[in-house]
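# Structure assessment
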Amino acid sequence: MEKASRALLPGVLFATVLAGALRLIGLGTVPVALYCDEAFNGYEAWCLLQTGHDSHGVLLPLFFDIFGKGWSEPLYIYLTVPAVALFGLTPFAARFVAAMAGTLLVPITGLMCATLVRGQVGPRTAARAGVAASILMAISPWPFHLSRVAFQASLLPLALAAGFWLAARAVSDAVSDRANVPPRVRPGLLAAGALLLGLSLYTYTISRLAMPLMVAGFIWLHRRRISASRRAWLLAALVLASLALPIAAFSLSTRGQQRFSSVAINRREDLQSAGPLQIAAAAGANYLSYY
């Protein structure tokens, strides 16, 4: 094992244990009681466990109806089913997936950071950067908060970090059998990364904007290697597209636009005579409420 790896793994392990303790201790009682969205996720998971249907009687739905006001992405609820089976219909079970996602995010972030910067700063400095990233992720207030509440958003950072870590591994571990030719990427790792990035679309709505922009940036940075590994990139693109198509189709449907239609600024009569600043403020508030 390289010295850099020996320096990286203990630091990342320490950060992960710290993160797990911060996220799991007192999980069922702090925060006090469940927010309505947390209770919704736990109850839908319990319904699936009991009957295979959601609370409205739909068999294994792709999206879940939220109180008749919108639609919820499914991944968090489906992952909560085993937790409810193990711990019962309790606040701890409802929040368990968020806590585990927040804990796993810590080592994945460190490994992703070290992989992304290794080619620019060298393995030793990359290992230090990975350890620092892991520790910061373990103690930063925002990811800590999301790891103790049963919100779908808690899965999005993990899916993105894991996906880009595998994609970065596919590129950084690439080899070339000819001089002056960009190395070919590892197709298995790249496809696995695309799979996780595709699954991120099933975690939280904002992923439909964030993930494609990040993927575009990743492709731009490694554009020279695409011509040398077209089959690998095509396979990854097909995996990602196959997961994105159901989301795209649903987003364009009447049901998929229900939440946006209910908060759209052009439906508010009180803004028909408003000034530009009022309209801009309302538009920002509507955008945030939609996501």
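What comes next concerns the included structure. As the structure is a computational prediction, the values presented were derived from the model and not from experiment.

Take the overall build of the protein next. If you tally the helices and strands in the protein, you get 13 helices and two strands. Partitioning the intrachain contacts of the protein with sequence separation of at least 6 by distance along the chain shows that 72% fall at a separation of at least 24. Counting only carbon and sulfur atoms, one obtains 69% of the accessible surface of the protein, whose full area is about 15400 Å².

The topology assignment puts Ala93 in helix H4 (residues 91–121). It is 7.4 Å that separates the C-alpha atoms of Ala93 and Gly42, two residues lying 51 residues apart in sequence.

Its 15 residues place the ends of helix H9 (residues 207–221) 21 Å apart at the C-alpha level, agreeing with the 21 Å of an ideal helix rising 1.5 Å per residue. Every buried residue belonging to H9 is among Ser207, Met211, Val215 and Phe218, and all of these are buried. Looking down the long axis of H9, one finds its buried residues gathered within 60° of arc, a one-sided arrangement. Away from its buried face by more than 90 degrees, H9 exposes Leu213 and Trp220. Buried residues along H9 sit against helix H7 (156–172), helix H8 (187–200) and helix H11 (230–252).

The nonpolar side chains of soluble globular proteins are, as a tendency, buried together. Counting residues in each nonpolar core, the largest one holds 39 residues, and the members touching the most others are Phe164, Leu190, Leu197 and Met211. Those elements that provide at least two residues to this core are H4, H7, H8, H9 and H11. It is H7 that contributes the most residues to this core, eleven residues altogether. Every residue in contact with Leu197, bar those within four places of it in the chain, is listed here: Ala159, Leu160, Gly163, Phe164, Met211, Val215 and Leu240. The next biggest cluster of nonpolar side chains, apart from the first, holds ten residues, and it includes Phe40, Ala45, Ile77 and Ala93.

In this section: unusual backbone geometry. Residue Pro31 follows Val30 across a cis peptide bond; omega there is 0°. With respect to the helices and strands, Pro31 occurs in the loop between helix H1 (3–24) and helix H2 (36–51).

Quick look at the pattern of salt bridges now. Counted by the stated rule, this structure contains two salt bridges. For Glu38, the salt bridge is made with Arg95, and the minimal N-O distance between the two is 2.8 Å. Here the residue Glu38 occupies a position in helix H2, and Arg95 occupies one in helix H4, the gap between them amounting to 57 residues. The exposure class assigned to Glu38 is buried, which follows from its relative accessible area of 3%. Between Arg208 and Glu73 there is a salt bridge whose closest N-O contact spans 2.9 Å. Remark: Glu73 occurs in the loop between strand E2 (70–72) and helix H3 (75–87) and Arg208 occurs in helix H9; sequence separation between them is 135 residues.

This part takes up the packing of H2 against H3. Where H2 contacts H3, the two axes come as close as 8 Å, and the packing angle between them is 70°. Taken as axis vectors, H2 and H3 run roughly perpendicular relative to one another. In contact with Phe40, Asn41, Gly42, Glu44, Ala45, Trp46, Leu48 and Leu49 of H2, H3 contributes Tyr76, Ile77, Tyr78, Thr80, Val81, Val84 and Ala85.

Calculation criteria
- Residues numbered from 1 in each chain as written.
- Predicted model: local features only at pLDDT ≥ 70, side-chain atom pairs only at ≥ 80, totals over all residues.
- Heavy atoms only, no water.
- Helix = DSSP H or I, 4+ residues; strand = E, 2+ residues; numbered from the N terminus.
- Contact = heavy atoms within 4.5 Å.
- Areas by Shrake-Rupley, 256 points an atom, 1.4 Å probe, with all protein chains shown as cover.
- Expected span 1.5 Å × (residues − 1).
- Buried < 20%, exposed > 50% of the residue type's maximum accessible area, 1.4 Å probe, protein only.
- Arc of directions from axis to C-beta.
- Core = buried A, V, L, I, M, F, W, Y, C linked by side-chain atoms within 4.5 Å.
- Salt bridge = Lys/Arg side-chain N within 4 Å of Asp/Glu carboxyl O.
- Axes fitted to C-alpha atoms, helices over the stretch in contact; angles between N-to-C directions.
- Parallel < 35°, antiparallel > 145°, perpendicular 65-115°, else oblique.

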